Amino acid sequence: MSGTHHPSSTSPSTPRSAPAAPAASVAGAPQSPSSAAASHLSPAFPRRAPWGSASKLRAWQAQALELYRARAPRDFLAVATPGAGKTTFALRVATELLEQGTVRRVTIVAPTEHLKHQWADAAARVGIRIDPNFRNSQGRHGAHYDGVALTYAQVAAKPALHAARTTADRTLVILDEVHHGGDALSWGDAVREAFEDATRRLSLTGTPFRSDTAAIPFVEYERGPDGIRRSKADYTYGYGEALRDHVVRPVLFLTYSGQMRWRTKAGDEVSARLGEPLTKDMTGQAWRTALDPNGEWIPSVLAAADKRLSEVRRAIPDAGALVIATDQTDARAYAGHLARITGTSPTVVLSDDDGASARIEEFSDGDQRWMVAVRMVSEGVDVPRLAVGVYATSTSTPLFFAQAVGRFVRARRRGETASVFLPSVAPLLELANGLEAERDHALDRPLTAEEQGDGFDPEAAELAAANREDKASGELVQGTFEALEAQASFDRVLFDGGEFGTGADVGSDEELDFLGLPGLLDADQVTTLLRQRQADQMSARSKNPASAERERSELEHRRAAELRKELQQLVSAWARRSGQPHGSVHTELRRRCGGPEVPLATVEQLDARVALVRRWFVGQK
């Protein structure tokens, strides 16, 4: 454990795919500079391999490695943003420990079967042979392997077996996305039992926060001034740092609003604009209406995303795009829209498909334009060429959102950008604006009533939060809620805490200004161009007062027409529910909000009446 063992020429710790070699040559990396020097080197520094090849380390990886060497810890938690290169760092640690004789075996634990194979492939490239097909029934791995790759579920099924394997020889355990180790009390207990006696444990995560208070195995917690214990990382490399170092892509969030109309459980028709201040229930209902494959919102946004992809592919010919869908039915319908838009059927990956891994790998290695997937995040998929995404799911947990966006941020060359299309709803806008916020896992937050109940399973709750078809209210139960109409309009672009654009129709020059941003830009250039686009649009309007006034008049007329239509629907629905005649409902609205009859009321007066009727519905509930 002290790291003082030295391998002989016949040591089993030597990777079996290559002759014994000095540590630097096995990983292919140059001798690292001192930690002081490494701390300020940009990944773009000469010979520092900014794009994370297996042969050379990025600056953060070198600094973390220096820290690991200096401490020689039994447990080490590295938190690095998705796409930063956690795998390369971990395999360099594994290579050095094997060469030193500190360990003789490596066990890698990952969330999914697909990730097991990704780890084995990456390990093979640096001379470590990992068996991703190991099964519990085997008992021990083949002599020609240096170790195995397991899933957390596999460990939980037979923790005693893996404990025996771990104690049989000096073992390094790499716990990938270690927060999954706290998914259930049984999983956490099993991981502890299996690897309690490991010589070294290296824990990795890109999102060290959970929605429950289940302790993550082998993670240290530190009590803060507020008395709450939070996870403590040994090394942290956040998205903000990675963006400044050009290790990950800058992410542009293109948000789309639009008018939605749906029928409630009571049979009432309700209309609202996506992105306007609404109750939580109505926001959820408008959101689900937007995602309905039979409306116009989804095909309009997919067409816009495809235009963005075409622009990106001018500079990055193999750039791909991904739609994250809520369920299999929606995924197939979205795939149909994309086939009609592009003339080519996209790759479709459903979470329970037998051939999912093969299709993902084929897409990753190819140059197809689009992939549509369900539960993409829980698949743990790594497809570096993904540059455009459509977030077409109603899931809004921070964990799911961060991991979903992480599918698009991996940089392969300097200047690549990522573009993610979002419904313009408050929960997602909040998460997009807080992308750089660092989070730790809080262990002592107050438990909800559900979590305090008997038989609460954090694993099931977490997976449900990430993968279910969210229902904003009881009115969304299948068979009781019906999406009727969903129109799309461009809202704005979110980038680096700023907002750009003033809203525009789909297909307008204003929207195309933002969809047509070059595919290769660094973060500063993105900000400059976004400001330029917005300034040009504002300037064009100010230079042509007549045109600007006409546009304002058209927009006001259009808005008034939408509000009159919505008000009539709401009044009709309220009249049915309350038993009041339509006329008396309108009279009450005029009395409380002011203004003349509906056809002559101003936009402000109509807006106030619509808001009041909505409040009546909420109060009725």
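Residues numbered from 1 in each chain as written. Predicted model: local features only at pLDDT ≥ 70, side-chain atom pairs only at ≥ 80, totals over all residues. Heavy atoms only, no water.

> Go over helix α22 (residues 582-593) with me, naming the residues and quoting the values.
Under the 1.5 Å per step criterion, the end-to-end length of α22 is 16 Å for 12 residues, consistent within 8% with the ideal 16 Å. Within α22, the full set of buried residues consists of V585, H586 and L589. In a view along the axis of α22, the buried residues occupy a sector of 95°, so they form one face of it. G594 occupies a position one or two residues after α22 and carries a positive phi of about 80°. (Helix = DSSP H or I, 4+ residues; strand = E, 2+ residues; numbered from the N terminus. Expected span 1.5 Å × (residues − 1). Buried < 20%, exposed > 50% of the residue type's maximum accessible area, 1.4 Å probe, protein only. Arc of directions from axis to C-beta.)

> For the environment of F421, give the residues involved together with the corresponding values.
Among the structural elements, F421 can be located in strand β16 (residues 418-423). If near-sequence neighbours (up to four positions away) are discounted, F421 is found in contact with L254, Y256, V301, A304, A305, R308, V388, G389, V390, Y391 and L515. (Contact = heavy atoms within 4.5 Å.)

> Can you break down the sheet that holds strand β2 (residues 105-110) residue by residue, with the values?
Sheet architecture is open: seven strands sit in the order β3-β4-β2-β5-β6-β1-β9, paired in parallel fashion. Sheet topology places β3 (130-131) and β9 (235-237) at the edges, where each strand pairs with a single neighbour. Bridge count between β3 and strand β4 (residues 147-151): two bridges; the pairing is parallel. Within the sheet, the bridge partner assigned to D131 lies in β4 and is V148. Across the sheet, helix α3 (residues 59-71) lies against β1 (75-80), β6 (200-205) and β9, angled at about 175° from β9, the strand it touches most. (Pairing = 2+ DSSP bridges. Axes fitted to C-alpha atoms, helices over the stretch in contact; angles between N-to-C directions.)

> Tell me about the side chain of T151, and name the residues and values.
For T151, the location among the structural elements is in strand β4. Accessibility expressed as a relative area gives 8% for T151, which makes it buried.

> Tell me about the environment of V148, and name the residues and values.
Within the secondary structure, V148 is located in strand β4. For V148, a relative accessible area of 0% gives the class buried. Separated by 32 residues in the primary sequence, V148 and K116 place their C-alpha atoms 8.8 Å from one another. Filtering out sequence-adjacent residues up to four positions away, V148 remains in contact with V106, T107, I108, I130, D131, F134, H141 and R165.

> So what about unusual backbone geometry? Which residues, and what values?
One non-glycine residue, E177, adopts positive backbone phi at about 45°. Relative to the helices and strands, E177 is located in the loop between β5 (171-175) and α8 (185-195). Phi is positive for F218, close to 65°, though the residue is something other than glycine. Here F218 shows up in the loop between β6 and β7 (220-223). A residue is classified by how much of its surface remains accessible, and F218, at 13% relative accessible area, is buried.

> Give a detailed account of the pattern of salt bridges, specifying residues and quantitative values.
Per the stated rule, a full pass over the model turns up 23 salt bridges. Across the pair R92 and E96 runs a salt bridge whose closest N-O atoms are separated by 2.9 Å. Taken together, the positions of R92 and E96, both in helix α4 (residues 86-100) and four residues apart, correspond to about one turn of that helix. Across the pair, E96 and R92 agree in class, each one buried. When the shortest N-O distance is used, the salt bridge between R261 and E269 registers 3.0 Å. (Salt bridge = Lys/Arg side-chain N within 4 Å of Asp/Glu carboxyl O.)

> Any chance you could break down helix α13 (residues 356-365) for me, citing the residues and the numbers?
Of the residues making up α13, those classed as buried are A356, I360 and F363. Along the axis of α13, the buried residues cluster in a sector spanning 65°; they form a single face. Those residues of α13 that are exposed and angled more than 90 degrees off the buried face are A358, E362 and D365. Structurally, α13 contributes buried residues whose contacts are with α5 (113-125), β12 (320-325), β13 (347-349), β14 (370-374) and β15 (386-392).

> Can you explain the nonpolar core? Please cite residues and give values.
Core analysis: the biggest nonpolar cluster contains 142 residues, and F89, I174, W297 and F421 have the highest contact counts within it. The greatest single-element share of this core, amounting to eight residues, is contributed by helix α11 (residues 297-315). Not counting residues within four places of it along the chain, the set of residues in contact with F89 comprises W60, Q61, A64, L65, F76, A78, L202 and L204. Core analysis: the second largest hydrophobic core is formed by 20 residues, L150, L175, W187 and F218 among them. (Core = buried A, V, L, I, M, F, W, Y, C linked by side-chain atoms within 4.5 Å.)

> So what about the confidence of the model for the protein? Which residues, and what values?
Put simply, the protein has an average pLDDT of 78, and 76% of its residues get 70 or more. Mean pLDDT across the elements of the protein bottoms out in helix α1 (residues 23-27) (32) and peaks in β5 (97). Considering only residues more than four positions removed or in separate chains, one finds that residues 1-54, a stretch of pLDDT under 50, has 107 contacts. Across residues 438-479 the pLDDT falls below 50, and counting only partners more than four positions away or on other chains, this stretch makes 107 contacts in the model. (pLDDT = per-residue confidence, 0-100.)

> Report on the packing of aromatic side chains, specifying residues and quantitative values.
The final tally for this structure, using the stated rule, is 13 aromatic pairs. For the ring pair F490 and F514, a centre distance of 5.6 Å and an interplane angle of 25° mean the geometry is stacked. One end of the pair, F490, is in strand β18 (residues 489-495); the other, F514, is in helix α19 (residues 509-515), with 24 residues separating them in the sequence. We note that F490, like F514, is buried. Taking the centre distance of 5.5 Å and the plane angle of 40° together, the rings of W574 and W616 count as tilted. Here W616 lies in helix α23 (residues 603-620) and W574 lies in helix α21 (residues 545-578), a separation of 42 residues in the sequence. (Phe/Tyr/Trp six-rings, centres within 6.5 Å; stacked < 30°, edge-to-face > 60°.)

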